[in-house]
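Take a look at the letters that make up each chain.
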Amino acid sequence: RVKKHDVTLIEGESKKIGKLQIPCKLYEKMLKAPRIWIETPLEHRVQRIVKEYRSIDKDFFEKAIKKITPYIKKEYLEEAKKSFYENDFQRCAAILLEKYYDKVYKKRDNYVLSIKFDNIEKVLKEIKEFILTRTSL
């Protein structure tokens, strides 16, 4: 049983994640919930992405790129593909983060809290303080 003061943190996502769909009631609650923006330096994000996706194959990459083609300028798309095929995964990740993903996520500007990422302990402390001071949760 969930108590009124229990809190769940969920990464901001669209209703669909790949082939999966977030249940309507959960998605509605996500849209109404307070949003927190955590700003992480690009170089940290690139390192994390490269580490998580370093073993993807060319077929997976091509399928993923094809899905975002309508949403990214052709010049950036070609540069990302070139970087991938030259095994410059850091450059590929940086291009895709800056020229595609950041533009998608930064459209949402109704954040109630913005945190600059220095280290995980600081971020967790700020989130905890925010939760404890909110009376509407």
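A few words on the overall build of the chain. The helix and strand tally for the chain stands at six helices and four strands. Along the chain, from the amino end to the carboxyl end, the secondary structure elements read β-β-α-β-α-α-α-α-β-α. With the C-alpha coordinates aligned to their principal axes, the bounding extent of the chain is approximately 50 × 35 × 25 Å. By the burial criterion, 23% of the 137 residues in the chain qualify as buried. The long-range share in the chain, meaning contacts at least 24 apart out of those at least 6 apart in sequence, stands at 60%. For the chain, the exposed surface amounts to about 11000 Å²; the carbon and sulfur share of it is 54%.

At Asn-87, a position not held by glycine, the phi torsion is positive, near 60°. For Asn-87, a relative accessible area of 54% translates into the label exposed.

For the rest of this paragraph, the subject is the nonpolar core. Within the largest apolar cluster, 12 residues are counted, these being Phe-61, Ile-65, Ile-68, Ile-72, Tyr-76, Leu-77, Ala-80, Phe-84, Cys-92, Ile-95, Leu-96 and Tyr-100. Broken down by secondary-structure element, the contributors of at least two residues to this core are helix 3 (58–68), helix 4 (74–85) and helix 5 (89–105). Ignoring anything within four residues of it in the chain, the contact list for Phe-61 reads Ile-56, Ala-80, Lys-81, Phe-84, Tyr-85 and Cys-92.

So, about the pattern of salt bridges. The tally for this structure, following the rule as stated, stands at nine salt bridges. Lys-116 serves as the salt-bridge partner of Glu-39, at 3.4 Å between the closest nitrogen and oxygen. Here Lys-116 lies in strand 4 (residues 113–116) and Glu-39 lies in strand 3 (residues 36–39), a separation of 77 residues in the sequence. Glu-39 gets classed as partly exposed once you look at its relative accessible area, which sits at 35%. As a salt-bridge pair, Glu-79 and Arg-91 come within 2.4 Å of each other at their nearest N and O atoms. Separated by 12 residues along the polypeptide, Glu-79 in helix 4 and Arg-91 in helix 5 bring together distant segments of the chain. Taking the relative accessible area as the measure of exposure, Glu-79 reaches 30% and is therefore partly exposed.

Looking now at the packing of aromatic side chains. Per the stated rule, a full pass over the model turns up six aromatic pairs. Consider the rings of Phe-61 and Phe-84, whose centres lie 3.8 Å apart with planes at 5°: the pair is stacked. Taken together, the residues Phe-61 in helix 3 and Phe-84 in helix 4 connect sequence positions 23 residues apart. Phe-84 matches Phe-61 in its accessibility class, with the two residues each being buried.

Reading guide: rules and limits
Residues numbered from 1 in each chain as written. Predicted model: local features only at pLDDT ≥ 70, side-chain atom pairs only at ≥ 80, totals over all residues. Heavy atoms only, no water. Helix = DSSP H or I, 4+ residues; strand = E, 2+ residues; numbered from the N terminus. Buried < 20%, exposed > 50% of the residue type's maximum accessible area, 1.4 Å probe, protein only. Contact = heavy atoms within 4.5 Å. Areas by Shrake-Rupley, 256 points an atom, 1.4 Å probe, with all protein chains shown as cover. Core = buried A, V, L, I, M, F, W, Y, C linked by side-chain atoms within 4.5 Å. Salt bridge = Lys/Arg side-chain N within 4 Å of Asp/Glu carboxyl O. Phe/Tyr/Trp six-rings, centres within 6.5 Å; stacked < 30°, edge-to-face > 60°.

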